[in-house]
Amino acid sequence: MTVLDETYTLAGGVEIPKLGLGTWFIDDDKAADAVRAAVEAGYRNLDTAQAYGNERGVGEGVRTCGVPRAELFVSTKLAAEIKDYDRAVEAIDGSLEKLGIDYVDLMLIHSPQPWDDFRGGDYARGNREAWRALEDAHRAGRIRSIGVSNFERHDLENIAQDATVAPQVNQLLVHAGNTPSELLAYCESQEILVEAYSPIAHGAILDNARVRGMAEKYGVSVPQLCIRYTLQLGTVSLPKTANPAHMRSNAEVDFEISGADMDVLRDLDDVDYGEHTVFPVYSGR
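Our subject in this report is the structure included herewith.

Cut-offs applied
- Residues numbered from 1 in each chain as written.
- Predicted model: local features only at pLDDT ≥ 70, side-chain atom pairs only at ≥ 80, totals over all residues.
- Heavy atoms only, no water.
- Phe/Tyr/Trp six-rings, centres within 6.5 Å; stacked < 30°, edge-to-face > 60°.
- Buried < 20%, exposed > 50% of the residue type's maximum accessible area, 1.4 Å probe, protein only.
- Helix = DSSP H or I, 4+ residues; strand = E, 2+ residues; numbered from the N terminus.
- Lys NZ or Arg CZ within 6 Å of the ring centre and 35° of its normal.
- Polar contact = N/O pair within 3.5 Å; in protein donor to acceptor, adjacent residues only side chain to side chain.
- Contact = heavy atoms within 4.5 Å.

## A few points about the packing of aromatic side chains
Tallied over the full model, the rule gives 3 aromatic pairs. Between tryptophan 115 and phenylalanine 118 the ring centres are 5.5 Å apart and the planes differ by 40 degrees, which places this aromatic pair in the tilted class. For phenylalanine 118, a relative accessible area of 3% puts it in the buried group. Considering the side-chain rings of tyrosine 218 and phenylalanine 255, the 6.0 Å spacing of their centres and the 40 degrees angle between planes classify their relative orientation as tilted. Here phenylalanine 255 lies in the loop between helix 9 (244–250) and helix 10 (259–267) and tyrosine 218 lies in helix 7 (residues 209–218), a separation of 37 residues in the sequence. Judged by relative accessible area, which is 22%, tyrosine 218 ranks as partly exposed. Over the aromatic face of tyrosine 103 sits the side chain of arginine 69, whose NZ or CZ is 4.1 Å from the ring centroid. In this structure, arginine 132 packs its charged tip against the face of tyrosine 85, placed 4.0 Å from the ring centre.

Listed below in structure tokens is the structure:
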């Protein structure tokens, strides 16, 4: 048994594999091949989003990978700009149509604010409206689990005001060098499972001397150490790659980081995202 066989159980009772494939920056025409390669390597958790522009390709990979749909966990995300009920309903239909599947296992609100106003204005009512659309699709069996992404505590508390189904997932930027411990603890207290995207800091951590030294100590690569770190935090880890060799390597994380080394990684705060700071999630806002 490897990490690819391990799962968490969401608050609604649905099982989700602990390690998944992130598909941000994988072009639509390459996404099907990436999904098929990941499934062949043993992955069953596949993550996409309307904003990635590759739902069609991911869906093709899901349908043609040779593994029954029921054995796969497919996630997508409602575009961050959609903050009303009617557009959310339309977008949910659009995702299912592009993916070419009858249901998704998880759908998230991608961000509490549109990307061009990330951490900006007040979209509280719009988020509650979008959430109501997700709840209705969940009730209809078109979405097995519902959640959010990039939501802070006050954003989660806003959803909770009117929710009939509490968020089951919060997908967050979590990696060595960016560990939002208070938010992680709050999510755990609310039975909200955290998914860690960019567990390798979008590549920014690869040249960190302290992390490289620790990886050498364990006889693993920096990506393997970073993925293991997020798993030991109790999160789902979603490393992104289209490279089959990297997919296999990313899953070879059956080792244990000591408590002392977990503390070192948790306390890191010197990751420089470089050119990627143009993206809101890496901007420090």
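There's plenty left to go through after this.
## Some thoughts on the side chain of lysine 77
Among the secondary structure elements, lysine 77 is positioned in strand 5 (residues 73–78). A distance of 2.7 Å separates a polar atom in the side chain of lysine 77 from a polar atom in the side chain of aspartate 47. Among the polar contacts made by the side chain of lysine 77, one reaches the main-chain carbonyl oxygen of threonine 48 at a distance of 2.8 Å.

## Quick look at the side chain of glutamine 224
Positionally, glutamine 224 belongs in helix 8 (residues 222–232). A relative accessible area of 8% places glutamine 224 in the buried class. For glutamine 224, the residues in contact, after removing those within four places along its chain, are Ser249, Glu252, Val253 and Phe255.

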